[in-house]
Amino acid sequence: MLEVIHISDTHFGPDRCHTIRGANACDRSIALVAAINALPFTPDFIVHTGDVVNDPDPEAYALAAEVLAPLRAPVYFATGNHDDVDMMRECLAFGPHRLLLPGDGGKLCYRLTGGKSDEVEFFVVDGKVPPEQGPHGFLSEDQIDAVLGEISGEKPVAVFLHYPIGPIGSSWIDEHLLLTNGESFQKALAAKAGVRLRGVFSGHLHRGLQLFRGGVFQSGVSSPACEFTASPHDDFCDFLPGGPIPFNHITFTADTTMVKSYSFPFEGLS
Ligand SMILES: [Fe+2]
């Protein structure tokens, strides 16, 4: 059995006063860390699915590293559209992993190693596109091939990335925030891993998400900084600051994937 905590979209700024629509990103992440550390069990590891910072800045990553340091488990990070891979590698402490494309031109594509990660084949992939093209994502063929080549067909498989891989039924999000080749990635994963594919886990929406399509379970976690609206006919992204502090607790057993969504009230000022 593996216990994993899934967090995302902390959007740290370069200092503790940085706010997003009035919400203090640092204070809210401090509350997130306290809530995770207050759990009555120790997770095997924690995955942050990207947008660690709001703008790529070494000071913002240093602040993120400082605030996340008290977490009592190895932490892994996926690249968000707001992130910079070189700064992430330099400033953040990753749990044990093996890069799948060494010298890969700035892509953060790896497999978790060590601890209980042997029980499930865990992959983190990088869908970031140049900022002028985003905020949608795209997964390069070499990453897809690398992940497919690692899947043994004998163990459960789980993939983490920033971008949801298919439409969620909300017009603005579906037009702007998805992995544009997500559906073909999903089909390739499902074809290789079959029933052993336990899920694809993402952030980016600033909404919680549970979705089952084409035999594949997808799960997303919201942002502790601020939530987006996701109504069916949204023609823009509205912000809902002041929401609760969210994280997901994912349990993998021999035959089950469970996701329990937590949301704690934020007792700070914003
Ligand atoms: Fe974000």
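It should be noted that the structure appears before, not after, this text.
Residues numbered from 1 in each chain as written. Predicted model: local features only at pLDDT ≥ 70, side-chain atom pairs only at ≥ 80, totals over all residues. Heavy atoms only, no water.

1. Comments concerning the sheet that holds strand E16 (residues 257-264)
One open sheet holds the five strands; their spatial order is E5-E4-E1-E15-E16, and the pairing between them is mixed. The open sheet terminates on both sides in strands that have one partner only, identified here as strand E5 (75-77) and E16. Averaged over all adjacent pairs, the angle separating strand axes in this sheet is 25°, with direction ignored. Examined bridge by bridge, strand E1 (residues 2-7) and strand E15 (residues 245-252) share five bridges and lie antiparallel to one another. What sits directly across from Val 4, in E15, is Ile 250. Against the sheet, helix H1 (residues 25-37) touches E1, strand E4 (45-48), E15 and E16, its axis set at about 35° to E15. (Pairing = 2+ DSSP bridges. Helix = DSSP H or I, 4+ residues; strand = E, 2+ residues; numbered from the N terminus. Axes fitted to C-alpha atoms, helices over the stretch in contact; angles between N-to-C directions. Contact = heavy atoms within 4.5 Å.)

2. Comments concerning the side chain of Asn 54
With respect to the helices, strands and loops of the structure, Asn 54 is situated in the loop between E4 and helix H2 (58-68). A polar contact of 2.8 Å, which involves the side chain of Asn 54, links it to the side chain of His 11. Excluding residues within four positions of it along the chain, Asn 54 makes contact with His 11, Phe 12, His 18, Ile 20 and His 82. (Polar contact = N/O pair within 3.5 Å; in protein donor to acceptor, adjacent residues only side chain to side chain.)

3. Details of the coordination of the iron ion
Note on the iron ion: its protein donors are Asp 9 (OD), His 11 (NE2), Asp 51 (OD) and His 206 (NE2). The metal-donor distances range over 2.1 to 2.3 Å. For the iron ion, the four donor atoms are set out with angles of 90 to 177° between them, so the coordination reads as irregular. In primary sequence terms, the donor set of the iron ion follows D-x1-H-x39-D-x154-H. A residue pair is termed long-range when its members are at least 10 positions apart, and His 11 in the loop between E1 and strand E2 (19-20) and Asp 51 in the loop between E4 and H2 qualify at 40 residues. By relative accessible area, which is 4% here, His 11 ends up buried. (Donors = N, O, S within 2.8 Å, 3.2 Å for Na, K, Ca; no water. Tetrahedral: all angles 85-135°; square planar, octahedral: opposite > 155°, others 65-115°. Buried < 20%, exposed > 50% of the residue type's maximum accessible area, 1.4 Å probe, protein only.)

4. Let's talk about the packing of aromatic side chains
All told, the structure shown has 14 aromatic pairs when counted by the stated rule. With 5.9 Å between their ring centres and 80° between their planes, Phe 94 and Tyr 110 make a pair best called edge-to-face. Residue Phe 94 is located in the loop between helix H3 (85-91) and strand E6 (97-99), and its partner Tyr 110 is located in strand E7 (residues 110-112); the two are separated by 16 residues in the primary sequence. Of the two residues, Phe 94 and Tyr 110, neither departs from the other in class, the shared state being buried. The interplanar angle of 40° and the centroid separation of 6.2 Å between the aromatic rings of Phe 122 and Phe 160 together place this pair among those described as tilted. Note that Phe 122 is positioned in strand E8 (residues 121-124) and Phe 160 in strand E9 (residues 157-160), a separation of 38 residues in sequence. Take Phe 122 and Phe 160: they sit in the same class, and that class is buried. (Phe/Tyr/Trp six-rings, centres within 6.5 Å; stacked < 30°, edge-to-face > 60°.)

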